[in-house]
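Chain and residue survey
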Amino acid sequence: QVRLAESGGGSVQAGGSLRLSCAPSGRTTYNMGWFRQAPGKEREVVAAITRSGSTTTYADSVKGRFTISRDTAKNTVYLQMNSLKPEDTAVYYCAADLSTLLYRSSAAYEYWGQGIQVTVSS
């Protein structure tokens, strides 16, 4: 069973920054995604990145503010979140996918972290 260890959430004021980290257990590399789910809303993709880090994709709502990256030596994926807005408040989930293609749909991801709360106050 693959475990995804997430860290870095918390509470910030609007305009602030946070960095989330996610490290899968084991040595296998995956395409990785960050998703979020706000109360009463469906889970949505935030960003995703390929194994090599050469290809990324973002939700329109976070383009220009969030950056997904990975350290292949540490097998860790990061989500740098800048210029945070109250509407970014959600539980953020890290997910791993064994596919060769990069997907934005949560249905494609086999493994999930427990989720980490991000709260942005106005």
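Now for a description of the structure that goes with this document. What you see is a predicted model; the values in this text were computed from it and never measured.

So, the overall build of the protein
Looking only at helices and strands, one finds 0 helices and 11 strands in the protein. In the protein, the succession of helices and strands from N to C terminus is β-β-β-β-β-β-β-β-β-β-β. Expected size for 122 residues packed as a compact globule is a radius of gyration near 14 Å; at 13 Å, the protein falls within 12% of this value. Its C-alpha atoms put the protein at 40 × 30 × 25 Å along the principal axes.

Some words on the packing of aromatic side chains
Between two aromatic rings, the relevant description is the distance of the centres plus the angle of the planes. Counted under the stated rule, the structure contains 5 aromatic pairs. Look at F35 and Y109: their rings are 5.1 Å apart centre to centre, the planes differ by 75°, and that puts the pair in the edge-to-face class. Taken together, the residues F35 in strand β4 (residues 31–37) and Y109 in the loop between β9 (90–97) and β10 (111–112) connect sequence positions 74 residues apart. Here F35 and W112 contribute two aromatic rings whose centre-to-centre distance is 5.0 Å and whose plane-to-plane angle is 55°, an arrangement assigned as tilted. Pair noted here: F35 is in strand β4 and W112 is in strand β10, with a separation of 77 residues, a long-range link.

Concerning the state of the cysteines
Summed over all chains, the structure comprises 1 disulfide. Between C22 and C94 runs a disulfide, and the two sulfur atoms are separated by 1.9 Å. Because the torsion about its S-S bond is -80°, the bridge between C22 and C94 counts as left-handed. Taken together, the positions of C22 in strand β3 (residues 18–24) and C94 in strand β9 put the pair 72 residues apart, joining distant regions of the chain. Considered together, C22 and C94 belong to a single accessibility category, that of buried residues.

Let's talk about the sheet that holds strand β1 (residues 4–7)
Spatial strand order, β1-β3-β8-β7: 4 strands in an open sheet with antiparallel pairing. Only two strands of the sheet have a single partner each, and these edge strands are β1 and β7 (66–71). In this sheet, neighbouring strand axes are inclined to one another by 15° on average, regardless of whether the strands run parallel or antiparallel.

Calculation rules
- Sequence order as written defines residue numbering, which begins from 1 separately in each chain.
- A pLDDT threshold of at least 70 governs which residues receive local features in this predicted model, and a stricter bar of 80 or more applies before side-chain atom pairs are shown or counted, although totals over entire chains, interfaces and linings include all residues.
- Working from all heavy atoms in the structure, the side-chain values ignore hydrogens and water.
- Only DSSP runs of H or I covering at least 4 residues are called helices, and only runs of E covering at least 2 are called strands; the numbering of each starts at the N terminus.
- Two things to know: the radius of gyration comes from C-alpha atoms, and the globule rule equals 2.2 Å times the number of residues to the power 0.38.
- Stacked, tilted and edge-to-face pairs are distinguished by plane angle, under 30 degrees for stacked and over 60 for edge-to-face with tilted covering the rest, among Phe, Tyr and Trp rings (Trp via its six-membered ring) whose centres lie within 6.5 Å.
- In what follows, a disulfide is any cysteine sulfur pair within 2.5 Å.
- Exposed residues in this analysis have more than 50% of their type's maximum accessible area, buried residues have under 20%, and partly exposed residues fall in between, with area computed by a 1.4 Å probe over protein chains only.
- At least two DSSP bridges between two strands are needed for those strands to be called paired.
- Only the stretch in contact is used when a helix axis is fitted, and all axes are lines through C-alpha atoms; the angle between N-to-C directions ranges over 0 to 180 degrees.

So, to be careful, I would describe these as geometric facts and stop short of saying anything about function.
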